[in-house]
Amino acid sequence: MELTDSFVSQSKKILGDRLEGIYLHGSSVMGCFNPKKSDIDLLVVVKDTVPDVSKTAFMDMVVELNGEAPEKGIEMDMVRSDVCRHFVYPTPFELHFSIKHLDWYRTNSTAYIQKMNGVNKDLAAYFEVIRRKGKCLYGTQIAELFGEVGREAYLDSILCDVSDAEEDIQTNTAYIVLNLLRVLAFIKEDAVLSKKEGGEWGLAILPESYRPLVRLTLTEYASDRKADYSGEHLQEYASFMLAQIRSSLAS
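Heads up: these notes are all about the structure in this document. Note that the structure is a prediction, hence the values are computed from the model and not measured.

Here we look at the overall build of the protein
Assigned secondary structure in the protein consists of 13 helices and seven strands. Its C-alpha atoms give the protein a radius of gyration of 19 Å, within 12% of the compact-globule value 18 Å for 251 residues. By principal-axis analysis of the C-alpha atoms, the protein measures approximately 55 × 35 × 30 Å. Taken across its 251 residues, the protein has 51% of its residues classed as buried. Here the analysis covers contacts within the protein between residues at least 6 apart in sequence; of these, 68% occur between residues at least 24 apart. Each charge sign in the protein was given a centre, from 28 positive and 38 negative side chains, and these centres are 2 Å apart.

A few points about the pattern of salt bridges
Counting across every chain of the model gives 13 salt bridges. A salt bridge links Arg80 to Asp82; its shortest N-O distance comes to 3.7 Å. Across the pair Arg132 and Asp190 runs a salt bridge whose closest N-O atoms are separated by 3.5 Å. In this pair, Arg132 sits in helix 6 (residues 122-133) while Asp190 sits in the loop between helix 10 (173-189) and helix 11 (195-205), placing the two residues 58 residues apart along the sequence. Of the residues examined, Asp190 reaches a relative accessible area of 39% and is grouped as partly exposed.

Topic: the sheet that holds strand 2 (residues 40-46)
Read across the sheet, five strands follow the order 5-3-2-1-7 without closing on themselves; strand pairing throughout is mixed. At either margin of the open sheet sits one strand with a lone partner, and together these are strand 5 (95-97) and strand 7 (135-139). Here the average twist between neighbouring strands, direction ignored, is 15°. Pairing of strand 1 (residues 19-25) with strand 2, which is carried by six bridges, proceeds in the antiparallel orientation.

Parameters and conventions
- Residues numbered from 1 in each chain as written.
- Predicted model: local features only at pLDDT ≥ 70, side-chain atom pairs only at ≥ 80, totals over all residues.
- Heavy atoms only, no water.
- Helix = DSSP H or I, 4+ residues; strand = E, 2+ residues; numbered from the N terminus.
- Rg over C-alpha atoms; globule rule 2.2 N^0.38 Å.
- Buried < 20%, exposed > 50% of the residue type's maximum accessible area, 1.4 Å probe, protein only.
- Contact = heavy atoms within 4.5 Å.
- Lys, Arg positive; Asp, Glu negative; His and termini not counted.
- Charge placed at Lys NZ, Arg CZ, Asp CG, Glu CD.
- Salt bridge = Lys/Arg side-chain N within 4 Å of Asp/Glu carboxyl O.
- Pairing = 2+ DSSP bridges.
- Axes fitted to C-alpha atoms, helices over the stretch in contact; angles between N-to-C directions.

Written out as structure tokens, the structure is:
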């Protein structure tokens, strides 16, 4: 992919010897990338702290390339190599970018560079996807760099993502419908699935009454159109799935 090639070459120039590796994860490596619905998920690993001046140059590059990306843009996390080799949860990060932060960076890049760091529970899920299905675009190979995430941390990470499912399903329907299934599949079968795979898994195990919703969601996810969910009982589905998740955790 031309965009990721450019991302790698420019990252090497800006970060120099501090760069440990660059890794692709998400839908791009899980066989369900849709230019209209998917972002490009990148994890940048550095050996030590990056000075603010280098972070600014790096972010300027990311923002410029984001203009060439698909509609949902680039999602990028920068972490230190020590938290990859000896996994830490919640996971510290050095820098983050997604399109929802674009205006903030353009408006006040200094504040962005100073404040866009901390810990992010989502990184446990990203690391596990990289370990199982990710692609090394540059640097240290995945098996050499990424230590075990552990079931407890990964599970907590994905559970946090659906903790407000009964409310979020109304506004982010496809994401919640499919992610609830991914969570249940991991609890029951230790399976790390894409959204598409989660939906297909759900069609085989769900009561018939919920299968039309999942089929509709899979159709939307694979297309460039927004589905009409007005006739679907979304909150009922979310409540059912959360009950299944709680029951499976307890068993």
